[in-house]
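Listed here are the chains, written in short residue letters.
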Amino acid sequence: MALIASLRATPEHTATGSGASGSTDMALRENEERLDLAVRGSNQGVFDMDVRRDGLYLSPRARDILGLPPDAPVDVRHAFWQLLGGVDRRKVAAARKLLVRGNGTPIDLDITLRQRDGASRDVRWHGLAIRDDAGVVTRVVGMITDVTEHKRSERHLRLAAAVFASSHDGLVVTDLDAVISAINPAFSQITGYAEDEILGKTMRTMHSGRHDREFYRAMWGALTSTGVWQGEIWNRRKNGEIFLQQLAIRTVYDDKGAPQNYVGAFQDITQIKHSEFELDRIAHYDSLTDLPNRTLLASLLDLAVSRAGKSCAVLFLDLDRFKTVNDSLGHMAGDTVLKAAADRIHAALDGDATLGHYGADEFVVILEEIEGPHDAAMTATRLIDELARPFTVGDGEIYLGASVGISLHPFDADDAAQLLQHANTALAEAKAQGRGIYAFYTQALTRSARVRMEMEADLRRGLAREEFRLNFQPVVDLSSGRIVGAEALVRWQSPALGLVPPNRFIPLAEETGLIEPLGDWVLEEACRQMVHWTEAGADLDFIAVNLSPRQFQRGALCAHMEDVLRRTGLPAARLEVEITENVLFGAAASAERKLHDMRDSGVRIALDDFGTGYSSLAYLKRFPISKLKIDRSFVHDLPRAADAEIATAIISIARALGLDVVAEGIETPEQCAFLKGRGCGYGQGYLFGRAVTSERFLHLALQGQIVVAIAHPGSALLH
């Protein structure tokens, strides 16, 4: 305002008298010097616009701010206008109106000028209108200040403040004594401290007590020497809860390079660390048994093998009959047994042994620094004995047992993968020899495994080349001797292997999934043969086809079966499917729906090998089963007392439930007479005939009755 007053006094105020004139001139020069010094010192430009004369004075600094040459003439009407954008032009026009119509109050205006070189400059315009005695504006004077850097700094500060406030990371500013001077909302959300509760306090307020002095000494040492520290630190929330931070601290320096403040940024990584731990555990440990899984086992075995000069053994253990337990009692009971088995194995091992759950019902034991094969054999025997004891499930007891395969390092293999493979091969040999024993790996076992792989390839080729055929075994009405039906049994005539028995290729087909295409072929071929026999005059009630568990689990089984019946022309009532108890108990709800769909379509359902699994009377009532087949193991020694009681009980149960009964494996007239006397309706076995070709079976069916009194395995009637 002193500058404005000086501008007001210069042109209009004149003195009277020479002495006064001299004093005035001197005062004027002094004012001009002060003005010049003030203007240069403030780095501001001065403008003086003479409204009446349409003149404009711009100081050198004003010209520099406006981007005008020092001596260039200025058109007062266009000097600013050409440098303004649309918005700023309206702001200047409005300011002019206020100056003209206003009450003499100075006006401040922030505008952006577009320089001739294309750059922009932020300018603060401070103006005052000078009026004559009549109130008419004669001059407009004021200052022009380049505030580009100031505006840029303001924008940066606002941006920094917005980032500071909106950051999801907790941010804190302290002095060099760690006294807190600023925090952001995320700090409060993470720690629980409000701003007024923590400002002015030191960061020691949140110490967890988990770190010793050496930890903090190292932290401050890094800050002092490098200006930066970052790492994980445990701190305490306001509510006392300890949490883990990922913290980064940076030193803020002043313009002379001296430390001024510390700024810390942190995240609460407690849950992340917990999740990382859980993920690592999930990746390396079995969730049910809490034992190392196959991934971690491979690493541990690699480590054991890498120890120079040390011998080790791998024991591959499989629980015998576990699948039957799992299928019959349900997966929850199976899990309970599996956990109990893991606990037993762990308790039976020495402290330096490593136990892992390889998958399903398989466990792997690593024995390090053994003296010889006898150490592995002793451990295997101990484990087999432990697992031979009964397991308690609910109110009952079940027996499992175990088989163990053993491979030795460095005798059998030099690397972990081969050791596991060889132990697994030895396990297969132990199971093949009768289960409940252990077996060491030998080269002969490797040859056997290769033969098995070759058989799988032959099996696939056999399906493609139609090397399979069906034989049919008669099912006889024991009261009349009439052949009432047949069971279709698949045979494989391999050009390379000859006649392959079913017990060699059926399990392999199940394991590889080839049982599905093979089973589809059996079903359709059996239905075609039944239609052929009927058209040839045979009086038969049904053709029985075995469904494997894998076939039964297929979602579209019923639709496929109906499609086969439609293509072959066989009435549904003449098809009987045989399933085992394991099929029912694997997924009871879905099995029930599927069986009801079959029954509703007219297909008969027989329960095969009854009595060998975990038979349930409740399930017999629940499922739409029409026939029970007594397993041959209960027929073989009839009429011995034990088997006689079992067979009699099964027949009585079936009759009470309104089910037909078929006895398998009848080989003697005595067996036949006993079963017939106990009320068994049907039978099959060598007494009535072996499985024969379609043509031979048709011949038997057309003959009518089979006379049991003359029937025996060597009878010409039966072959």
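Residues numbered from 1 in each chain as written. Predicted model: local features only at pLDDT ≥ 70, side-chain atom pairs only at ≥ 80, totals over all residues. Heavy atoms only, no water.

S.K.: Which parts of the structure should I look at to understand the packing of aromatic side chains?
M.R.: Each aromatic ring pair is characterised by the separation of its centres together with the angle its planes make. Within this structure, the stated rule accounts for 13 aromatic pairs. Measuring from centroid to centroid gives 5.0 Å for Phe316 and Tyr358, while their planes differ by 70°, and the two rings are edge-to-face. A residue pair is termed long-range when its members are at least 10 positions apart, and Phe316 in strand S11 (residues 312-319) and Tyr358 in strand S12 (residues 354-359) qualify at 42 residues. Ring pairs connect the aromatic residues Phe215, Tyr216 and Trp229, which therefore count as one cluster. Residue placement shows Arg210 over the ring face of Trp234; its charged tip is 4.2 Å from the ring centre. Its end group placed over the ring of Phe391, Arg344 keeps NZ or CZ at 3.8 Å from the ring centre. (Phe/Tyr/Trp six-rings, centres within 6.5 Å; stacked < 30°, edge-to-face > 60°. Helix = DSSP H or I, 4+ residues; strand = E, 2+ residues; numbered from the N terminus. Lys NZ or Arg CZ within 6 Å of the ring centre and 35° of its normal.)

S.K.: When you look at the sheet that holds strand S8 (residues 228-236) in this model, what are you seeing that I'm missing?
M.R.: Strand pairing within a sheet occurs via backbone hydrogen bonds; the two strands may be parallel or antiparallel. Here we have five strands laid out as an open sheet, ordered S7-S6-S10-S9-S8, and antiparallel in their pairing. In this open sheet, the two edge strands, each paired with only one partner strand, are strand S7 (180-183) and S8. On average, adjacent strands in this sheet sit at an angle of 25° to one another, irrespective of strand direction. Relative to strand S10 (residues 259-268), strand S6 (residues 170-174) is paired through five bridges, and the arrangement is antiparallel. By the bridge assignment for S10, Val173 is matched with Val263. Contacts from helix H8 (residues 213-226) reach S8, strand S9 (242-253) and S10, with the element oriented near 150° to S8. (Pairing = 2+ DSSP bridges. Axes fitted to C-alpha atoms, helices over the stretch in contact; angles between N-to-C directions. Contact = heavy atoms within 4.5 Å.)

S.K.: Quick question: what am I supposed to make of the sheet that holds S11 here?
M.R.: The strand order S12-S13-S11-S16-S17 describes an open sheet built from five strands, whose pairing is mixed. Pairing within the sheet leaves two strands with one partner each, and these edge strands are S12 and strand S17 (438-440). Taken over all neighbouring pairs, the strand axes of this sheet differ in orientation by 20° on average, direction set aside. Alignment of S11 against strand S13 (residues 362-368), held across seven bridges, turns out to be antiparallel. In the sheet register, Ala313 faces S13, and the bridge partner there is Leu367. Docked against the sheet, helix H14 (residues 416-432) engages S11, S12, S13, strand S16 (402-409) and S17, running at close to 145° with respect to S16.

S.K.: For this particular structure, what's the right way to read the pairing of strand S24 (residues 627-630)?
M.R.: A regular strand places its side chains so that they alternate between the two faces of the sheet. Covered by surrounding structure in S24 are Lys627 and Lys629 together with Leu628 and Ile630, the residues of both alternating faces. Bridge count between strand S23 (residues 604-610) and S24: three bridges; the pairing is parallel. Within the sheet, the bridge partner assigned to Phe610 lies in S24 and is Ile630. Pairing of S24 with strand S25 (residues 660-663) involves four bridges; the strand directions are parallel. Looking across to S25, one finds that Leu628 is bridged to Val661. Between the parallel pair S24 and S25, the chain is carried across by helix H23 (residues 641-656), and the sense of this crossover is right-handed. (Buried < 20%, exposed > 50% of the residue type's maximum accessible area, 1.4 Å probe, protein only. Right-handed = clockwise from strand over helix to strand, strands pointing away.)

S.K.: In this structure, what is going on with the packing of helix H11 (residues 322-329) against helix H12 (residues 331-348)? I would like to understand it.
M.R.: Between two packed helices, what matters for the description is the angle formed by their axes and the separation of those axes. Interaxial distance between H11 and H12 falls to 6 Å at its minimum, and their mutual angle equals 145°. Residues Phe322, Val325, Asn326 and Leu329 of H11 touch H12, and the partners they reach there are His331, Ala333, Gly334, Val337 and Leu338. When its residues are assigned to classes, the contact of H11 with H12 shows six nonpolar, three polar and no charged. (Nonpolar A, V, L, I, M, F, W, Y, C, P; charged D, E, K, R; others polar.)

S.K.: Just to check I follow, could you spell out unusual backbone geometry for this structure?
M.R.: Most peptide bonds adopt trans geometry, and most residues besides glycine take a negative phi value. Each neighbour pair has its own omega, and for His409 with Pro410 the value is 10°, a cis peptide bond. Along the polypeptide, Pro410 turns up in the loop between S16 and H14. Looking along the chain, the bond that leaves Leu638 and enters Pro639 is cis, with omega of 5°. Examined against the element boundaries, Pro639 turns out to sit in the loop between S24 and H23. With a phi close to 60°, Asp290 is a non-glycine residue in the positive phi region. For Asp290, a relative accessible area of 43% corresponds to the partly exposed category.

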